[in-house]
Amino acid sequence: MKLYYSPGACSLSPHIALKEAGLPFDLVKVDLKAKKLEDGSDYTQVNPKGQVPALGLESGDLLTEGAVIVQMIADKAPQKNLAPAHGSSERYKLQEWLNFIASELHKNFSPLFQPALSDDTKAFFKDRLMGKFKYIDQALKGRDYVMGQHFTVPDAYLFTMLAWADRVGLDISGLPNLVGYKARVAARPKVQEALIAEGLLKAS
C-alpha cells in the first residue's frame, strides 16, 4: 500500500492507523500547494481531488477520504481491535465519531488555515470549535479513548485535530479530560513513530 500524505495534514490519521495496525506501506509525500509529488509528477494524476490522504491499494485502486480509509485499515488487521465488527452497534458508534470529527471539527478548522480570512471570521470558527471540544471533553469523562478503554481509529483522527488546535492557537487547557487524552495518545509508541516519520517529532 502507498499512503499519500503531507506532514501534519489530516493524512496523519491514517498514518497512525497504519502504524497501529502493523501493516506494511510506503509513504509518498505530497506538496499540496503545488499538487506535486517529490519526483515532480502531478499528484492530480494520482488523485484528481488533489487532497490527502489517499491510499493506493495492492489492487491498483485508490481510496480517498480519511474516515473511510481508517476503517479499511482497521478491517485489514482485525486482531488489533482498531474498529468493532461490521454490523455491530459499536461499529455504528465508531462511525458516528468519525463523522462527527470530519464534519464538526475538521471542516471548521479549514477556514483557520486561510490567510485571506479576517481575524473576526477566524474568531467565529474558533468559538465554534471550542464548543465541539467542550462536548468531547465531557464525552471523555471516565474514558481513556473515545470508544472506551481501547484505542480505535477515531482516536487517530481526533489526535490529529488536537494537533491542529495547537497550530492555530486554540487553548484547550481548561478541558482536563481532553488534555489528558491528548497526552495519552501522544505517548503511544506507534503515534510517535508516525510523528517522527513526518518530521513532526524528533527521534529520542
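Parameters at a glance
- Residues numbered from 1 in each chain as written.
- Predicted model: local features only at pLDDT ≥ 70, side-chain atom pairs only at ≥ 80, totals over all residues.
- Heavy atoms only, no water.
- Pairing = 2+ DSSP bridges.
- Helix = DSSP H or I, 4+ residues; strand = E, 2+ residues; numbered from the N terminus.
- Right-handed = clockwise from strand over helix to strand, strands pointing away.
- Axes fitted to C-alpha atoms, helices over the stretch in contact; angles between N-to-C directions.
- Parallel < 35°, antiparallel > 145°, perpendicular 65-115°, else oblique.
- Left-handed = near helix turned anticlockwise from the far one by under 90°.
- Contact = heavy atoms within 4.5 Å.
- Nonpolar A, V, L, I, M, F, W, Y, C, P; charged D, E, K, R; others polar.

### Some remarks on the pairing of strand S1 (residues 2-5)
Where S1 lies against strand S2 (residues 26-31), four bridges are found, and the strand directions are parallel. By the bridge assignment, Tyr4 is partnered in S2 with Val28. Note that the unit made of S1, helix H1 (residues 12-21) and S2 has a crossover that is right-handed. Inspection of the sheet shows S1 paired to strand S4 (residues 54-56) by three bridges, in the antiparallel sense. Following the sheet pairing, Tyr4 is matched in S4 by Ala54.

### Regarding the packing of H1 against helix H5 (residues 153-167)
Here H1 crosses H5 at 140°, and the two axes come no closer than 8 Å. Regarding the angle of H1 to H5, the classification is oblique. Helix-helix and strand crossings are classified by hand; for H1 and H5 the assignment is right-handed. Listed contacts from H5 to Leu12, Ser13, Ile16 and Ala17 of H1 are Val153, Ala156, Tyr157, Phe159 and Thr160. A breakdown of the residues in the contact of H1 with H5 according to their chemical character gives seven nonpolar, two polar and no charged.

Purely geometric numbers; function is a separate question.
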